[in-house]
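# Overview (structure and organization)
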Amino acid sequence: MTVVAGVDLGGTAVNYTLLDQQERFLIEGLCEHPALAKQGPDVCLQQIADGLKFAAERIGVTLAEIVAVGLDTPGPASAAGRLSARGSTNFVHADWAGYDIRDELARKLGKPVCYLNDANAAALWGHYAIFGGNSRETSISIIIGTGNGGGIILDGNVVKGKNGFGGELGHVLIPHQSIVGIAGINPVCNCGRTGDLESLCSLTGIERNILPFLLPRYPGHELGKKELHQAAKQVRGLADKGDALSKEVFRVQAHALGLFFDEMVNTFDPDALIVGGGAIEASPEFQQWFLREVRAGMPPQREEQADIPMHIIANGDTAGARGAAIEAFKLARDGGLF
Ligand SMILES: [Zn+2]
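To start, this report covers the structure provided alongside it. As the structure is a prediction and not an experimental result, all values here were calculated from the model.

### Things to note about the coordination of the zinc ion
Reference values for coordination geometry: four tetrahedral donors around a metal ideally subtend 109.5 degrees, six octahedral donors ideally subtend 90 or 180 degrees. Looking at the metal site, the zinc ion is ligated by H171 (ND1), C189 (SG), C191 (SG) and D196 (OD), spaced 1.9 to 2.3 Å from it. Coordination at the zinc ion is tetrahedral, judged from the four donor atoms that bind it and the angles of 103 to 117 degrees they form at the metal. Site description for the zinc ion: donor spacing in sequence, H-x17-C-x1-C-x4-D. On the accessibility criterion, C189 (5% relative accessible area) is buried. According to the relative accessible area criterion, C191 is partly exposed, its value standing at 36%.

Quick look at the structure:
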């Protein structure tokens, strides 16, 4: 048996999956080992290696049968897997600054290792779940959470970019002035831009921009009595129950996403548009309403592109590891390791 591994390194835990030559995931759900990232790269890489051994043993695979490893981590990092010299939230130990985690892990394991940032890994998993491992299709994924994750898969391959910032879709500016009902809003994003996708289409965007703008129109609304951070978290649940203010919040988000997808349709002419994340973890009725609103928010499309498929994906805890494993699968296939 020959397999590839997916290793999803987060701040506190490493999650593993294994993928065989027939594109079957051999691990369902989470398979975690403590990351100990705070203790620096030496300790953390040993943790990754130990956890990989446990994961393999759990399903009766030897380390020798793992022919390639895909690694994903939170960014910022270069396309080749060198962590930012300025450090990051998840890699605070001084030795992580500028650390070439892909290269060092390959040395440690004695196996080929490929690298993706966690957002791009999740996008690759979403793409694979629709099109399979030998896909040559193009898709655009947006994961709506605290911010925006996601990525671009072009002809089956992740667009990483020169500096590793390919697929940072949340910070693409959109013509938000054309969204009906929010004239005069000034949506500022954490990145400093005004009017990018994330400034409206994220939990942070609800808290900082949409709710403060809309609440005065709904005097006496229960959310107006709450602190904004708490109120923002309750919007999805209320929208699912039909609350008018909360549905208006999601209509604005859907129309923002429609404007963004229109830009992507004109840039890539993709095979599919993919939406995931906490914002749409709601009833099927709500999900379908949301997708209809996304389409309603798009300017008129060419006849050939008008029925572009939109998919909702389950972007669970295993998305990063699975995306990393798919990248390793491609590495093994193209490198003749299978
Ligand atoms: Zn931004």
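### Observations regarding the environment of V294
When you line up the elements, V294 lands in helix α8 (residues 284-296). Residues V294 and N163, 131 residues apart in the sequence, show an inter-C-alpha distance of 31 Å. Residues within four places of V294 in sequence aside, it is in contact with A254, L257, G258, F261 and M310.

### Some words on the sheet that holds strand β9 (residues 272-276)
Pairing is mixed across the open sheet formed by five strands, whose spatial order is β8-β7-β6-β9-β10. The sheet is open, and its two edges are formed by β8 (157-158) and β10 (310-312), each paired on a single side. With respect to the sheet, helix α3 (residues 118-131) is in contact with β6 (139-144), β7 (148-154), β8, β9 and β10, its orientation differing from that of β7 by roughly 55 degrees.

### Describing the pattern of salt bridges
This model, assessed by the stated rule, comprises 11 salt bridges. Here D103 and R107 are joined by a salt bridge, their closest N and O atoms 3.1 Å apart. You can see D103 and its partner R107 sitting in helix α2 (residues 101-109), four residues apart, about one turn around the helix. Residue classification places D103 among the partly exposed positions, given a relative accessible area of 28%. It is possible to trace a salt-bridge network through shared partners that takes in R102, D103, E104 and R107.

### So, the environment of N157
Positionally, N157 belongs in strand β8. In sequence terms N157 and E248 are 91 residues apart; their C-alpha atoms lie 36 Å from each other. What N157 contacts, discounting residues up to four positions off in sequence, is I152 and K330. Of the polar contacts made by the side chain of N157, one reaches the side chain of K330; its length is 3.3 Å.

### With respect to a negative patch on the surface
Residues D155, D269, D271, E303 and E304 make up a contiguous surface patch of negative charge. Tracing the sequence through the fold places E303 in the loop between α8 and β10. Using a relative accessible area of 74% as the deciding quantity, one classes E303 as exposed.

### Observations concerning unusual backbone geometry
Note the cis peptide between G75 and P76, where omega equals -5 degrees. Note that P76 resides in the loop between β4 (66-73) and α2. Of note in this structure, L36 is not a glycine but carries a positive phi near 50 degrees. Structurally, L36 can be placed in the loop between β3 (32-34) and α1 (41-58). Classification of L36 by relative accessible area gives partly exposed; the value is 32%.

### Structural notes on the side chain of D262
With respect to the element layout, D262 can be found in helix α7 (residues 244-268). Among buried charged residues, D262 stands out as having no salt bridge; its nearest opposite-charge side chain is R302, 7.0 Å away. When sequence neighbours within four positions are dropped, the list of residues in contact with D262 reads M298, P299 and Q301.

### Structural notes on the packing of aromatic side chains
Under the criterion given, the structure shown has 11 aromatic pairs. Their ring planes at 25 degrees and their centres at 6.4 Å tell us that F286 and F290 sit as a pair that is stacked. With a gap of four residues between them, F286 and F290 both fall in helix α8, about one helical turn apart. The exposure class assigned to F286 is buried, which follows from its relative accessible area of 4%. Since its relative accessible area comes to 0%, F290 is described here as buried. Through successive ring pairs, a cluster of aromatic residues spans F250, F286, W289 and F290.

### Looking at the nonpolar core
The biggest cluster of nonpolar side chains holds 48 residues, and the ones touching the most others in it are L200, L211, F250, L257, F260, F261 and F290. Looking at this core, the elements that each hand over two or more residues are β6, α4 (197-200), α5 (203-214), α6 (228-240), α7, β9 and α8. Sorting elements by how many residues they give to this core places α7 first, with 12 residues. Formed by 33 residues, the second largest nonpolar core is a distinct cluster that contains V3, V7, C31 and A56.

Conventions and cut-offs
- Residues numbered from 1 in each chain as written.
- Predicted model: local features only at pLDDT ≥ 70, side-chain atom pairs only at ≥ 80, totals over all residues.
- Heavy atoms only, no water.
- Donors = N, O, S within 2.8 Å, 3.2 Å for Na, K, Ca; no water.
- Tetrahedral: all angles 85-135°; square planar, octahedral: opposite > 155°, others 65-115°.
- Buried < 20%, exposed > 50% of the residue type's maximum accessible area, 1.4 Å probe, protein only.
- Helix = DSSP H or I, 4+ residues; strand = E, 2+ residues; numbered from the N terminus.
- Contact = heavy atoms within 4.5 Å.
- Pairing = 2+ DSSP bridges.
- Axes fitted to C-alpha atoms, helices over the stretch in contact; angles between N-to-C directions.
- Salt bridge = Lys/Arg side-chain N within 4 Å of Asp/Glu carboxyl O.
- Polar contact = N/O pair within 3.5 Å; in protein donor to acceptor, adjacent residues only side chain to side chain.
- Patch = residues over 30% accessible without salt bridge, like charges linked within 9 Å, V, L, I, M, F, W, Y side chains within 5 Å.
- Areas by Shrake-Rupley, 256 points an atom, 1.4 Å probe, with all protein chains shown as cover.
- Lys, Arg positive; Asp, Glu negative; His and termini not counted.
- Charge placed at Lys NZ, Arg CZ, Asp CG, Glu CD.
- Phe/Tyr/Trp six-rings, centres within 6.5 Å; stacked < 30°, edge-to-face > 60°.
- Core = buried A, V, L, I, M, F, W, Y, C linked by side-chain atoms within 4.5 Å.

Read these as layout, nothing more, since geometry by itself doesn't imply function.
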